[in-house]
Amino acid sequence: MIARVTLEIALRREFDYVIPEELAGAVEIGTRVKVPFGSRQVMGVVTGLPESSPHTQLRSILKVIGKQSQITEKVLRLARWIAGYYCCPVEIAIKSVLPEAVRREKEGWQERLHVRLLPWTGDLPKLTRRQTDVWHVIEERRELPLQELLSLTGATAEVVRRIEDQGLIEIAPQITERDPYAHETILPTTSLTLNTEQARCLERITRALNEATPASIREARGTSGGPMEGKDSVFLLYGVTGSGKTEVYLQAIDRALDLGRGAIVLVPEISLTPQTVERFKARFSGGRHATLVAVLHSHLSAGERHDEWHKIRQGRARIVIGARSAIFAPVEPLGLIIVDEEHEHSYKQEEAPRYNARDVAVVRGRMEGAVVVLGSATPSMESYSNAKKNKYSLLEMPTRIDDRKLPLVRVVDMRSEARKEKGPPIFSHPLKEALHQRLERKEQSMLFLNRRGFSTSLQCPKCGYVAGCPNCSISLTFHRAQGLLRCHVCSHSAPAPTRCPEPSCGNPGIRYSGLGTEKVEDTLRKLFPQARVARMDSDTLKRKEDYRQVLGDFRTGKIDILVGTQMIAKGLHFPNVTLVGIVYADLSLHMPDFRAGERTFQLLTQVSGRAGRGDVEGEVFVQAFTPYHPAIQYARRHDFIGFYEQEIEHRQELQYPPFSRIAMITLKGRNEEKVAFSAEHLKKGIEGLVAGWKGVVLSGPAPAPLARAETFYRYQFMIRCRQMPLFSQKLSDYLIGQEWPDDITVTPDIDPVNLS
Ligand code: ADP
Ligand code: ZN
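All values reported here derive from a predicted model rather than from experimental measurement.

Here is what the cut-offs are and how they apply
- Residues numbered from 1 in each chain as written.
- Chains lettered and ligands numbered in written order.
- Predicted model: local features only at pLDDT ≥ 70, side-chain atom pairs only at ≥ 80, totals over all residues.
- Heavy atoms only, no water.
- Near = heavy atom within 4 Å.
- Polar contact = N/O pair within 3.5 Å; in protein donor to acceptor, adjacent residues only side chain to side chain.
- Areas by Shrake-Rupley, 256 points an atom, 1.4 Å probe, with all protein chains shown as cover.
- Nonpolar A, V, L, I, M, F, W, Y, C, P; charged D, E, K, R; others polar.
- Helix = DSSP H or I, 4+ residues; strand = E, 2+ residues; numbered from the N terminus.
- Expected span 1.5 Å × (residues − 1).
- Buried < 20%, exposed > 50% of the residue type's maximum accessible area, 1.4 Å probe, protein only.
- Phe/Tyr/Trp six-rings, centres within 6.5 Å; stacked < 30°, edge-to-face > 60°.
- Pairing = 2+ DSSP bridges.
- Axes fitted to C-alpha atoms, helices over the stretch in contact; angles between N-to-C directions.
- Core = buried A, V, L, I, M, F, W, Y, C linked by side-chain atoms within 4.5 Å.
- Contact = heavy atoms within 4.5 Å.
- Domains from an automatic or database assignment.
- Buried area = accessible area lost by both parts, 1.4 Å probe.
- Salt bridge = Lys/Arg side-chain N within 4 Å of Asp/Glu carboxyl O.
- Parallel < 35°, antiparallel > 145°, perpendicular 65-115°, else oblique.
- Arc of directions from axis to C-beta.

Caption draft 1: Structural context of the site of ligand 1. By nearness alone, 17 residues border ligand 1, and Thr193, Gln198, Gly242, Gly244 and Lys245 come closest of all. The separation between an oxygen atom of ligand 1 and a polar main-chain atom of Gly242 is 2.8 Å. A total of 560 Å² of accessible area belongs to ligand 1 in isolation, and the protein chains cover 77% of it. Here the shell around ligand 1 is built from residues that sort into four nonpolar, nine polar and four charged.

The structure is reproduced here in structure tokens:
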């Protein structure tokens, strides 16, 4: 018997091994194995079970990892698709579908010693006083962890061993499951009565679930060939903030469970708050479809992640909620995939394999006959255009629950405020006034600025010195609390100088300018000394409890004004927040990225959505230096469709997505000339690949917007075309065949979201 194995060390090839007799029943497709390779032993995954091998003198598999195959055949197929489409070696794609904690050779269960009472008839043997004390506790509890017994009784392990010697009890290792949410009491909830819009959406999804099921059963029985064909199986749920999308998700999952099928829920890492997780756990903690809800995200310990993953693999958790990589969870059979905030760029992984979990969700749904629901208040241009072309089915929820009003958005022209104040203020008059009012009325406010730190640049007005990073082409940000200048790209840091560091200058009058959240917080404290102010950004949240703590304090009214970066923009629901201020709304408009307008529109809409979720109507102040920009004006009117219509025209004119797909190739190296030279060589190669194709736009090579990062020079080359799967296949083959100078790395990024 032969197994074809993909090895974890990147070789882009598969190798055949003999399955020894003693492992015969334990090897299937997706089983992880340890095999000899040269003089080493390496890990791999069985990716095929061929009848025979063209090679002779095969070596044997040494060991099987885990009791169950770790990668299901379906997930393996998905990994192969990822490798092909995103131009990455298949070993890397396969590796990324399993959490590191699961891939380890040793089983990662935490075992602890437990003491268990054994059946005993007749008289007890004679025990010492000490032993009797301990015995009473065991008799009452029947079973408990050894450690707990010792701390309860103050006895030593030796005493307990003596009782074991008498045959009264047994001490044995037992698996203890780590539950990251163990300390939380979650009260079960039941389904809410849906409003008309919600009910209509749920009905469409339910119908699709019913229709999709027979196909999957056929497939499970091996009677059906390929994946189910698109059509009514991918939904775009466009619902304004507070329209009750989550309730629709919950009830759709319930329907999937009715059909005996599980669900994956993807949410952006940032909105994977205890609040969100709780909503899902609470709904399925009881009732007819009670099941565990597994949670996968980066704040879990390796052990917790291991246990959560195995709960899914063993079928005990039928629902998974998690960030990007949860799309690979081995839910079996899978009925429903939900991608909340589908427009979010954090679904894209910025290292190989550079997949977008939203797009992988659609592919996985098709492969497994699962229904996919992409939800957003501000759908991506790509998804909305797919809906308009009927590639996805559009579901709409245009009003908030209970007809609650969307907040009133006021745009403040900061140019005229700057004229009044001799320079741009942080808070305009109307915003100051509004903050003051909220404090008096004991309502809460949120202030938002998408830039952390205190000041974003340090200059010397005398000699023109600017504090830049020695490793990157970017200026350093001043973090006042730490007294440091820091690079937000490579984390380089240096003490903040008090005079110009240029030796020939030394001017004490150096100037800090540009604004970050730290300064917003500081100014706020000075303006409103009586207010309780907190800040939430990646500088203030160092430990996982911090996040919970700040949100908890805000919820219980211990904080009046919360300042933060985009971290506070997503998915949070605080009914007492009636004011949202966006300090500088046009920061994200001036990025060298064709999506800058779209991103600004999304951000403004998401942030405004935090206001007025309770009984009192919300108000939003958008401070902007370009107040008439369409992204700002359409966001002010809550007009997604209007924004889409005008933005789509630009996209068409310039042949940007959704009218094309992009492949961005970045070349990096320490010698700029070599990088530039290699980039020119690449350009010729790519011209050859697409010779004769219609509608292809090649741009570059040119230095990247971030021309140098972490001491590497960076050049980029962009390809826009319509046939991306075909192109990425060609590109993959081409790149494998090329020899680049040693110190040059070439990174293809298909459907990039970050163009810097
Ligand atoms: P979205 O995800 O669209 O922003 P949510 O699902 O968070 O909206 O819903 C907003 C609020 O409305 C939540 O407090 C939710 O419990 C409540 N809600 C949702 N659906 C209903 C309903 N059918 N009846 C009553 N309240 C609802
Ligand atoms: Zn740097």
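Right, picking up where we left off after that structure.
Caption draft 2: Summary view of helix H10 (residues 302-313). For H10, built from twelve residues, the straight-helix expectation of 16 Å at 1.5 Å per residue is met to within 8% by its first-to-last C-alpha distance of 16 Å. With ten of twelve residues buried, H10 lies mostly within the body of the structure. The set of residues buried in H10 consists of Gly303, Glu304, His306, Asp307, Glu308, Trp309, His310, Lys311, Ile312 and Arg313. Note on H10: the residue one or two positions beyond its end, Gly315, has a positive phi of about 80°.

Caption draft 3: Examining the packing of aromatic side chains more closely. Applying the stated criterion across every chain, the model contains 18 aromatic pairs. Between Trp81 and Tyr85, the ring centres sit 5.2 Å apart and the planes meet at 10°, which makes this aromatic pair stacked. You can see Trp81 and its partner Tyr85 sitting in helix H1 (residues 73-85), four residues apart, about one turn around the helix. Classification of Trp81 by relative accessible area gives partly exposed; the value is 27%. For Tyr85, a relative accessible area of 6% puts it in the buried group. Ring geometry for Phe554 and Phe574: centres 4.9 Å apart, planes at 75°, overall edge-to-face. Here Phe554, found in helix H16 (residues 544-555), pairs with Phe574, found in the loop between strand S24 (561-564) and strand S25 (577-582); they are 20 residues apart in sequence, far enough to count as distant.

Caption draft 4: How the structure looks around the sheet that holds strand S17 (residues 444-448). Pairing is parallel across the open sheet formed by six strands, whose spatial order is S16-S26-S25-S17-S24-S23. Edge positions in the open sheet fall to strand S16 (408-413) and strand S23 (533-536), since each of these has one partner strand only. Averaged over all neighbouring strand pairs, the angle between strand axes comes to 20°, with direction disregarded. Across six bridges, S16 lies against strand S26 (residues 619-624) in parallel orientation. Following the sheet pairing, Leu408 is matched in S26 by Glu619.

Caption draft 5: Local environment of the nonpolar core. Counting residues in each nonpolar core, the largest one holds 113 residues, and the members touching the most others are Ile327, Ile582, Leu682, Phe727 and Leu731. No other element matches H1, which puts seven residues into this core. With residues up to four places along the chain from it excluded, the contact list for Phe727 reads Ala663, Ile686, Leu689, Val690, Trp693, Ile719 and Cys721. Counting residues in each nonpolar core, the second largest holds 34 residues, with Leu194, Leu202, Val265 and Phe284 among its members.

Caption draft 6: Quick peek at the domain arrangement of the protein. The domain boundaries assigned to the protein delineate domain 1 (2-103), domain 2 (111-175), domain 3 (196-403), domain 4 (408-454 + 515-650) and domain 5 (661-750). If you average the C-alpha positions of domain 3 and of domain 4, the two centres end up 30 Å apart. Listed per partner, the contact involves 24 residues of domain 3 and 30 residues of domain 4. When domain 3 packs against domain 4, close to 2400 Å² is buried across both sides, 57% of that on carbon and sulfur atoms. By the criterion of area lost to domain 4, the three top residues of domain 3 are Ile270, Gln275 and Met381, representing 27% of everything that side buries. At the surface where domain 3 touches domain 4, the tally comes to two salt bridges. Between Arg595 and Glu382 there is a salt bridge whose closest N-O contact spans 2.8 Å. Summed over the shared surface of domain 3 and domain 4, the number is nine residue pairs in polar contact (both at pLDDT 80 or more).

Caption draft 7: Representation of the packing of helix H4 (residues 129-141) against helix H6 (residues 157-165). The contact between H4 and H6 brings their axes to 10 Å, and the two run at 80°. Classified by the angle between their axes, H4 and H6 sit roughly perpendicular to one another. On H6, the residues that touch Arg130, Gln131, Val134 and Trp135 of H4 are Val159, Val160, Arg162 and Ile163. Of the residues in the contact of H4 with H6, the class split is five nonpolar, one polar and two charged.

Caption draft 8: Local environment of helix H20 (residues 672-689). The end-to-end C-alpha distance of H20 is 26 Å, a good match for the 26 Å that 18 residues give at a rise of 1.5 Å each. Turning to H20, its buried residues number three or more, namely Val675, Ser678, Ala679, Leu682, Gly685, Ile686 and Leu689. End-on, the buried residues of H20 take up no more than an arc of 120°, which puts them together on one face. Opposite its buried face, H20 presents the exposed residues Glu673, Phe677 and Lys684, each directed more than 90 degrees away. Those residues of H20 that are buried lie in contact with strand S27 (661-669), strand S28 (697-709), strand S29 (712-721) and helix H21 (724-737). The opening residue of H20 is Asn671, an N-cap whose side-chain oxygen sits 3.0 Å from the backbone nitrogen of Glu673.

Caption draft 9: Geometry of the sheet that holds strand S12 (residues 317-322). The strand order across the open sheet built from seven strands is S11-S12-S10-S13-S14-S9-S15, with neighbouring strands paired in parallel fashion. Looking at which strands have only one partner, the edges of the open sheet turn out to be strand S11 (292-296) and strand S15 (393-397). Strand-to-strand twist in this sheet, taken as the mean axis angle between neighbours without regard to direction, amounts to 20°. Sheet analysis places strand S10 (residues 262-266) next to S12, joined by four bridges and oriented parallel. Note that in S12 the partner of Leu266 across the bridge is Gly322. This element, helix H9 (residues 274-283), spans S10, S11 and S12 of the sheet and lies at about 160° to S11. Running over the sheet, helix H11 (residues 357-368) touches strand S9 (234-239), S10, strand S13 (334-340) and strand S14 (371-376) and is turned about 165° from S13.

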